[in-house]
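Structure assessment
As a plain string of letters, each chain reads:
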Amino acid sequence: MIKQKILALTLCAAGVLSLAACSNSSKSTSKKTATAPSGKLTNVKYQHKTSYYRGDTSYSGKVQSLKLNTSKYTTKTITVNKQKIKVRCYTNRIYVSKPVSTKYQSMNIYIPDKYFHNKKINGYSKATAPIFLPNNIGGYMAGTAGTLTGGSMSGAPSGSSSKTPTGSKPTGAAPSGSGSSASLNANGGASGTSATQKALAKGYVVAAPGARGRDTKQSGQYTGKAPAAIVDLKAAVRYLKFNKSRLAGNTNKIISDGTSAGGAMSSLLGSTGNNAEYKPYLKAIGAADTSDNIFAAFVFAPITNLNNANTAYEWEFSGVNSVSGGGTPGSTNSQTTLTTNQKKMSTQLKSSFVDYVNGLKLKANGQTLKLNSDGTGSFATLVKKEIMASAQTALDKGTTIKASKYPWLTIKSGKVTNVNLTKYFKAVGRSKTPPAFDALNASAAENVEFGDTTTNAKHFTKYSQARNTKSGATMADSSIIKLMNPMAYIGKTSSATLAKHFWIRYGETDSNTSVAVPLLLSQKLKNAGADVNFHVQWNTGHAGDYEMTSMFNWVDKIAK
């Protein structure tokens, strides 16, 4: 799923279970749950047996209480910027009453101790503090609850490439002036420790949930395939809201954070609040009977919009025939040059992306975003402007950018005047062969994400299914594919509650997914009325939680 760069991340999205199986589950489930009150699970009926929504597991144990036991906690003192902060720690709290996996369906909650002594931090009180919700999902693999100290890996995950465009830093390296390691965990997700500590220093409550993923197994069956990860994170949000009277923090100001596949999860949390299609899965694991919409989302390098990610990748890299890197950690791909057939597929997929963009009919500055058959057009111009803005912002902050090292960039008198997109895309370089995400042999991390309880991997695009080279490979259920794509819900105000604010970041040297993916997400959110802070981070690869001073200052601006 994601180059090696940090990627293995791509998609921990997964959700509650290997459901990819049955073919008409989405339509029927939708009909059965559409009348349920916003957020409520009481009236939800199952189209399938309960075990279907749990990855074919049943729950026979004692139903666990969802009430947070506030009498059991430990205290720790951390030091942030030479400031000592005492924190109350409520750890290993199971956030569903009928867990499939207590290892992953648990969270750690950290609260500044000052709030229990009627003191304020950064203008926030016990009742008004925002709740920061970081996930550790990477590569769509399972992630455990985030910790207060330690437990993170700096740099790129094993197997990642150190090859980068001239003048660029390796994937996972901190952006210039970031003040953060921008490191990734073992799966390629952002390391949450530094962000958690920074959030606590700013006076936020931190709730760091774990979630199942594509690699979760139990009794020989897969129990974390799509949509398990997003369902688990929604259940975590519901747990916090259910315990609002027992917690410090404002449950109306929950702000999620994720990178790569975790960024995909964060975008889904922000885009699919209270949607009825997730409710049977939530009810089956005993999620709280509350709402799951959130206030804002940090979205770093999202590996999302998967059913259109193959085409977006080839729109960017068609004509770039050399390959650097081998995909996700553990990938055996050592190919360095596209074959004749792969070049043909690249051209076909690029053409499909043109149709996709034109069909969205998104607008920017009053202009409808379009692409011509050759891939140029107003959308390409918007991409160009974002890359120019990335370089200009870096220049304005004092970064030295020599035109001789960036042949695709034109700078005159300290001002960026042009970007040659063709040369820029070549400089970034492709790290994946077409189809980049839905491999013809169903070997990509995203294929594994869309498996079911007994099938490890499935296709999720008609293009790859029609050209399948793996014996017996099948297509994931359309309803499951939809549940993993925020683009399917944004703007559907009657079916989903949209977060008010989104902070979306993508690295200028990132080759793990096309820049078009986060930009289209950003534009669709803007067209739906959301407040979106989008930026392409100069000289940055596939990474997250950088420029934390700026991102948390943004939180203060929207939350106070």
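See the structure printed just above.
Anyway, here's the lowdown on the structure attached to this text.

Parameters at a glance
Residues numbered from 1 in each chain as written. Predicted model: local features only at pLDDT ≥ 70, side-chain atom pairs only at ≥ 80, totals over all residues. Heavy atoms only, no water. Helix = DSSP H or I, 4+ residues; strand = E, 2+ residues; numbered from the N terminus. Buried < 20%, exposed > 50% of the residue type's maximum accessible area, 1.4 Å probe, protein only. Contact = heavy atoms within 4.5 Å. Areas by Shrake-Rupley, 256 points an atom, 1.4 Å probe, with all protein chains shown as cover. Pairing = 2+ DSSP bridges. Right-handed = clockwise from strand over helix to strand, strands pointing away. Phe/Tyr/Trp six-rings, centres within 6.5 Å; stacked < 30°, edge-to-face > 60°. Lys NZ or Arg CZ within 6 Å of the ring centre and 35° of its normal. Axes fitted to C-alpha atoms, helices over the stretch in contact; angles between N-to-C directions. Salt bridge = Lys/Arg side-chain N within 4 Å of Asp/Glu carboxyl O.

What the protein contains, in helices and strands, is 14 helices and 16 strands. The burial tally for the protein puts 62% of its 560 residues in the buried class. Put simply, of all contacts in the protein between residues at least 6 apart along the chain, 78% involve residues at least 24 apart. For the protein, the exposed surface amounts to about 20,300 Å²; the carbon and sulfur share of it is 47%.

A few words now on the pairing of strand β15 (residues 501–507). Where burial is concerned, most of β15 is hidden: 7 out of the 7 residues are buried. Side chains of β15 alternate between two faces, with His501, Trp503, Arg505 and Gly507 and Phe502, Ile504 and Tyr506 buried alike. Alignment of strand β10 (residues 296–300) against β15, held across 5 bridges, turns out to be parallel. Paired with Phe298 across the strands is Trp503, a residue of β15. Sheet topology note: the β15/strand β16 (residues 531–537) ladder contains 7 bridges and is parallel. Looking at β16, one finds that Arg505 is bridged to His535. Following the chain from β15 across helix α13 (residues 516–527) to the adjacent parallel β16, one finds a crossover that is right-handed.

Attention now moves to the packing of aromatic side chains. Counted according to the given criterion, the structure contains 27 aromatic pairs. Residues Tyr53 and Tyr281 carry aromatic rings whose centres are separated by 5.0 Å and whose planes lie at 75° to one another, so their mutual orientation is edge-to-face. A residue pair is termed long-range when its members are at least 10 positions apart, and Tyr53 in the loop between α1 (25–33) and β2 (74–80) and Tyr281 in helix α5 (residues 279–284) qualify at 228 residues. Accessibility assignment for this pair places Tyr53 and Tyr281 in one class, buried. Both rings, one in Phe300 and one in Tyr546, keep their centres 5.2 Å apart while their planes meet at 75°; by these two values the pair is edge-to-face. One end of the pair, Phe300, is in strand β10; the other, Tyr546, is in the loop between β16 and α14 (548–559), with 246 residues separating them in the sequence. Take Tyr546: its relative accessible area is 1%, and that puts it in the buried class. These aromatic residues form a ring-pair network of at least three members: Trp315, Phe353, Tyr356, Phe379, Tyr406, Trp408, Tyr424, Phe425 and Trp538. It is Lys253 that lies over the ring of Phe295; its NZ or CZ is 5.1 Å from the centre.

So, on to helix α2 (residues 193–201). In terms of burial, α2 is largely enclosed, as 8 of its 9 residues are buried. Those residues of α2 lying buried are Thr193, Ala195, Thr196, Gln197, Lys198, Ala199, Leu200 and Ala201. Directly after α2, the chain includes Gly203, whose backbone phi takes a positive value near 95°.

Once that is clear, we can look at the sheet that holds β15. Taken in spatial order, the 9 strands line up as β2-β3-β4-β6-β5-β9-β10-β15-β16 in an open sheet, and their pairing is mixed. Sheet topology places β2 and β16 at the edges, where each strand pairs with a single neighbour. Shown here is a sheet whose adjacent strand axes are inclined to one another by a mean of 20°, direction ignored. Bridge count for strand β4 (residues 106–112) against strand β6 (residues 205–209) is 4 bridges, and the pairing is antiparallel. By the bridge assignment, Ile109 is partnered in β6 with Ala207.

Position of Lys126 among the secondary structure elements: in the loop between β4 and β5 (131–134). For Lys126, a relative accessible area of 36% translates into the label partly exposed. Along the chain, Lys126 and Phe116 lie 10 residues apart, while their C-alpha atoms are 7.4 Å from each other.

Next up on the list: the pairing of strand β3 (residues 83–94). The pairing of β2 with β3 spans 7 bridges and is classified as antiparallel. Pairing of Val80 across the sheet is with Gln83, part of β3. In terms of strand pairing, β3 meets β4 through 6 bridges, oriented antiparallel. Looking at the pairing, Cys89 lines up with Tyr110 of β4.

Another aspect to go through is unusual backbone geometry. Each neighbour pair has its own omega, and for Ala226 with Pro227 the value is 5°, a cis peptide bond. By secondary structure assignment, the location of Pro227 is in the loop between β8 (221–222) and α3 (228–242). Between Pro434 and Pro435 the backbone carries a cis peptide bond, its omega angle lying at -10°. For Pro435, the position within the fold is in the loop between α9 (421–428) and α10 (445–449).

With that settled, the discussion passes to the pattern of salt bridges. Oppositely charged side chains are able to pair whenever their charged atoms sit close together. Tallied over the full model, the rule gives 9 salt bridges. A salt bridge links Arg88 to Asp113; the nearest nitrogen and oxygen atoms lie 3.0 Å apart. On the criterion of sequence distance, the pair formed by Arg88 in strand β3 and Asp113 in the loop between β4 and β5 is long-range, its members being 25 residues apart. The partner of Arg238 in a salt bridge is Asp292, and the shortest N-O contact between them spans 2.9 Å. One end of the pair, Arg238, is in helix α3; the other, Asp292, is in the loop between α5 and β10, with 54 residues separating them in the sequence. The exposure class assigned to Asp292 is buried, which follows from its relative accessible area of 1%. Overlapping salt bridges, with partners in common, bring together Lys234, Arg238 and Asp292 in one network.

Function cannot be inferred from these measures alone, as they are strictly geometric.
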